[in-house]
Amino acid sequence: MTETDHGSPRPLEGAVIVVAGAGGPAGRATLQRLARAGAHVVAGDASPDRLAEAVDLARYDAGGGAITGDVVDLLDLNATREWAARIEKDLGRVDGMVHLVGGWRGSASFPETDLADWDFLEKLLIRTVQHTSLAFHDGLLRSPHGRYVLISAAGATQPTAGNAAYAAAKAAAEAWTLALGDSFRKLGDPEHPTAAAAVLIIKALVHDEMRKERPNAKFVGFTDVTDLADAIADVWTRPAQAVNGKRLWLTPHP
């Protein structure tokens with residue numbers, strides 16, 4: 001661990017952490033938080049424009065921190081594998097994959113559910129988890145503190161009638177991530193485990209633009225994107241066995 005000029009700890013100094021879905025508000029906050037902690041952050045997004053803006057803002061916030069950006073199609077397994085291999089080859093290691101690829105589709109009632117929503121969410125919320133976890137599995141296992149972090153929603157535990165497709169997709173993504181954690185447990189050092197897969201669970205996210213658009217809204221139980229970014233960074237400060245295969249609640253447990 002090193003310290004900044006102001007004496008504050010930088011526990012992620014030198015770590016290489018990949019953020020998938022980096023172009024959204026949560027991704028931007030996470031890039032900034034990890035870069036300020038001393039990590040070399042690799043931002044990935046399908047949109048070149050969103051990615052460039054997110055990387056520029058994070059570099060400015062972190063005072064020119066080590067942040068690079070890659071446009072990548074996470075629905076292409078081979079492309080995702082090649083991305084993971086290139087990162088580890090170029091930077092010498094990979095210590096984290098933060099999965100922030102998100103999206104939502106819902107309906108007014110259960111009978112009105114459009115199965116096209118499931119087709120959309122299955123790709124966005126499940127397939128990208130499958131591809132990133134498979135692609136980065138070995139690299140994270142090689143790291144002295146590898147972490148795979150999935151952001152999920154409380155709705156996966158208590159699904160509502162109008163959110164069937166979304167809740168089911170989130171639940172599947174959680175199960176896949178917990179299976180990844182079991183792989184880390186079985187293939188890692190049983191005495192001194194180093195790799196972990198964890199699920200951070202929120203009700204919903206809120207950020208400054210949402211507050212400006214809805215000044216009278218209370219956003220009860222929502223997690224600010226900056227608080228989420230802090231919770232993500234905190235995963236690396238805890239022992240692997242304390243977070244591996246765990247659902248870590250950032251909102252009251254139902």
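What counts and how
Residues numbered from 1 in each chain as written. Predicted model: local features only at pLDDT ≥ 70, side-chain atom pairs only at ≥ 80, totals over all residues. Heavy atoms only, no water. Helix = DSSP H or I, 4+ residues; strand = E, 2+ residues; numbered from the N terminus. 1 Å grid on protein atoms, 1.4 Å probe; cavity = no way out; pocket = protein on both sides within 12 Å on 5 of 7 lines; lining within 4 Å. Points joined across faces, edges and corners; volume = space filled by probe spheres on them. Nonpolar A, V, L, I, M, F, W, Y, C, P; charged D, E, K, R; others polar. Phe/Tyr/Trp six-rings, centres within 6.5 Å; stacked < 30°, edge-to-face > 60°. Buried < 20%, exposed > 50% of the residue type's maximum accessible area, 1.4 Å probe, protein only. Lys NZ or Arg CZ within 6 Å of the ring centre and 35° of its normal. Contact = heavy atoms within 4.5 Å. Salt bridge = Lys/Arg side-chain N within 4 Å of Asp/Glu carboxyl O. pLDDT = per-residue confidence, 0-100. Polar contact = N/O pair within 3.5 Å; in protein donor to acceptor, adjacent residues only side chain to side chain. Pairing = 2+ DSSP bridges. Right-handed = clockwise from strand over helix to strand, strands pointing away.

## Brief notes about unusual backbone geometry
Thought 1: Of note in this structure, Phe219 is not a glycine but carries a positive phi near 50°.
Thought 2: Assignment of secondary structure puts Phe219 in the loop between helix H6 (208-213) and strand S10 (223-224).

## Some words on empty space enclosed by the protein
Unoccupied space between atoms shows up once a probe the size of one water molecule is rolled over them.
Thought 1: Tallied over the full model, the rule gives one cavity of 30 Å³ or more.
Thought 2: In terms of lining, the largest cavity is formed by Arg105, Gly106, Ser107, Thr113, Asp117, Gly162, Ala164 and Ala165.
Thought 3: Residues belonging to the lining of the largest cavity are distributed by class as follows: two nonpolar, four polar and two charged.

## Some details on the packing of aromatic side chains
Thought 1: Under the definition given, this model contains two aromatic pairs.
Thought 2: A centroid spacing of 5.7 Å and a plane angle of 90° characterise the contact between Trp83 and Phe136, whose relative ring orientation is edge-to-face. Placement of the pair is Trp83 in helix H3 (residues 77-91) and Phe136 in helix H4 (residues 115-142), with a sequence separation of 53 residues. The two residues Trp83 and Phe136 agree in class, both being buried.
Thought 3: The ring of Phe120 has Arg105 sitting right over it, with the charged end atom 3.7 Å from the ring centre.

## A look at the environment of Ala46
Thought 1: By the secondary structure assignment, Ala46 is in the loop between strand S4 (40-45) and helix H2 (48-61).
Thought 2: A relative accessible area of 63% means that Ala46 is categorised as exposed.
Thought 3: Considering only alpha carbons, one finds Ala46 and Glu209, 163 residues apart in sequence, at a separation of 22 Å.
Thought 4: If near-sequence neighbours (up to four positions away) are discounted, Ala46 is found in contact with Val71 and Val72.

## With respect to the pattern of salt bridges
Thought 1: In total, this model carries 15 salt bridges according to the counting rule given.
Thought 2: We note a salt bridge from Glu88 to Arg142, for which the minimum N-O separation is 2.8 Å. In this pair, Glu88 sits in helix H3 while Arg142 sits in helix H4, placing the two residues 54 residues apart along the sequence.

## Brief notes about the confidence of the model for the protein
Thought 1: Residues with a pLDDT of 70 or more make up 96% of the protein, whose mean pLDDT is 92.
Thought 2: Across residues 1-9 the pLDDT falls below 50, and counting only partners more than four positions away or on other chains, this stretch makes 10 contacts in the model.

## As for the side chain of Asp95
Thought 1: Residue placement: Asp95 occurs in the loop between H3 and strand S6 (96-99).
Thought 2: The class of Asp95 is buried, set by a relative accessible area of 0%.
Thought 3: At a separation of 2.8 Å, a polar atom in the side chain of Asp95 contacts the side chain of Arg93.
Thought 4: If near-sequence neighbours (up to four positions away) are discounted, Asp95 is found in contact with Gly14, Ala15, Val16, Leu140, Ser143, Pro144, His145, Gly146, Arg147 and Trp236.

## Some remarks on the pairing of strand S8 (residues 196-202)
Thought 1: For S8, the tally of buried residues reaches seven of seven residues, placing the bulk of the element in the interior.
Thought 2: What you see with S8 is no split at all: Ala196, Ala198, Leu200 and Ile202 on one side and Ala197, Val199 and Ile201 on the other are buried throughout.
Thought 3: Across seven bridges, the pairing between strand S7 (residues 147-153) and S8 is parallel. Bridging across to S8, Ala153 finds its partner in Ile202.
Thought 4: You can see the chain leave S7, run along helix H5 (residues 164-187) and come back into S8, and the turn it takes is right-handed.
Thought 5: Pairing of S8 with strand S11 (residues 246-249) involves four bridges; the strand directions are parallel. The residue bridging Ala198 from the neighbouring strand is Lys246, located in S11.

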